[in-house]
Amino acid sequence: MKRVIITLLVTAIIAGAVGYGVPVLMGMSQSMHDRQDAERAAELSRQVAAHRDQLFTDARSPVVGDPAGDVTIVEFFDYQCPYCKAIAGSLDRLVAANKGVRLVLKEFPILGDDSVLASRAALVVPKDKYWAFHQALLQHRGSFDMPTLKGIAKSVGIDADRMEAEMTADATNPPIDANRDLAKAIGIQATPTFIIGDQVIEGAIPADVLNDLIAKARKS
């Protein structure tokens, strides 16, 4: 009888520990996760401040919107990234609708050789055709090869043969390599990643959130 009572007491203690312990442990885990997120966000902001010139004023990075805008958005992207493709249209509309927004585009091909090829093509097209070509590349569904890229180039009024010749003549990727080094230094690992002010935002951001961030940047 004594053994049964002891067994019941032990069972009750374990049940109580599980009943009260799980929420406590979950709370501790969430708190730790939040603290780690806050620490990472603070470190990203520090690295943005340390690499401000490379982020915002590197002449090798294409700029669309208002070149002298009062708010600058930097985007690291990959032409094969589905999330980059998903927000391409809303980003185009946002830049068109928000006068004074300067969008700096960082070619950051991290999804394979096709991505690198597409970025290399984009970097040799005429500056006044870059945005149209950029948007057309993001609208494309499927892989990239030279015939595909030349077809897309022709569709937006680019001399495709000249583009191919310039890509062939310059097989190096200095802007791409520089963007990779910059992303590594800051701690950027995914596409799309946006930088507004000293904030780093990863993932596909809804247009209304981007508009709110632009408004906050103007007030700061």
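Conventions and cut-offs
Residues numbered from 1 in each chain as written. Predicted model: local features only at pLDDT ≥ 70, side-chain atom pairs only at ≥ 80, totals over all residues. Heavy atoms only, no water. Helix = DSSP H or I, 4+ residues; strand = E, 2+ residues; numbered from the N terminus. Buried < 20%, exposed > 50% of the residue type's maximum accessible area, 1.4 Å probe, protein only. Polar contact = N/O pair within 3.5 Å; in protein donor to acceptor, adjacent residues only side chain to side chain. Contact = heavy atoms within 4.5 Å. Phe/Tyr/Trp six-rings, centres within 6.5 Å; stacked < 30°, edge-to-face > 60°. Pairing = 2+ DSSP bridges. Axes fitted to C-alpha atoms, helices over the stretch in contact; angles between N-to-C directions. Salt bridge = Lys/Arg side-chain N within 4 Å of Asp/Glu carboxyl O.

Draft legend 1. Structural context of the side chain of serine 115. Residue position: serine 115 is located in helix 4 (residues 113-124). A relative accessible area of 0% means that serine 115 is categorised as buried. Polar side-chain contacts of serine 115 include one of 2.9 Å to the side chain of glutamine 80. In this structure, serine 115 is in contact with Asp78, Gln80 and Pro109, ignoring residues within four places of it in sequence.

Draft legend 2. Looking closely at the packing of aromatic side chains. Counted according to the given criterion, the structure contains two aromatic pairs. Between the aromatic rings of phenylalanine 76 and phenylalanine 108, the centroid separation amounts to 5.6 Å while the plane-to-plane angle is 85°, which identifies the pairing as edge-to-face. Taken together, the positions of phenylalanine 76 in strand 2 (residues 71-77) and phenylalanine 108 in the loop between strand 3 (101-107) and helix 4 put the pair 32 residues apart, joining distant regions of the chain. Geometrically, the ring pair formed by phenylalanine 77 and tyrosine 79 is edge-to-face, given 5.1 Å between the ring centres and 75° between the ring planes. Phenylalanine 77 gets classed as buried once you look at its relative accessible area, which sits at 0%.

Draft legend 3. Representation of the sheet that holds strand 3 within the structure. Within the open sheet, the five strands sit side by side as 1-3-2-4-5. Their pairing is mixed. At either margin of the open sheet sits one strand with a lone partner, and together these are strand 1 (63-65) and strand 5 (199-202). Each strand of the sheet is rotated relative to its neighbour by a mean of 25°, with strand direction disregarded. Sheet contacts for helix 3 (residues 82-97): strand 1, strand 2, strand 3 and strand 4 (193-196); angle to strand 2, the most-contacted strand, approximately 160°. Each of strand 1, strand 2 and strand 3 touches helix 5 (residues 127-139); the most contacted strand, strand 3, lies at about 65° to it.

Draft legend 4. Summary view of the pattern of salt bridges. Applying the stated criterion to the full structure yields eight salt bridges. Put simply, glutamate 43 and arginine 46 hold a salt bridge, and the shortest N to O gap is 2.8 Å. With a gap of three residues between them, glutamate 43 and arginine 46 both fall in helix 1 (residues 2-50), about one helical turn apart. Its relative accessible area of 32% is what places glutamate 43 among the partly exposed residues. Two residues, aspartate 161 and lysine 150, come together in a salt bridge whose shortest N-O distance is 2.9 Å. Highlighted residues: aspartate 161 in helix 7 (residues 160-169) and lysine 150 in helix 6 (residues 146-155), separated in sequence by eleven residues.

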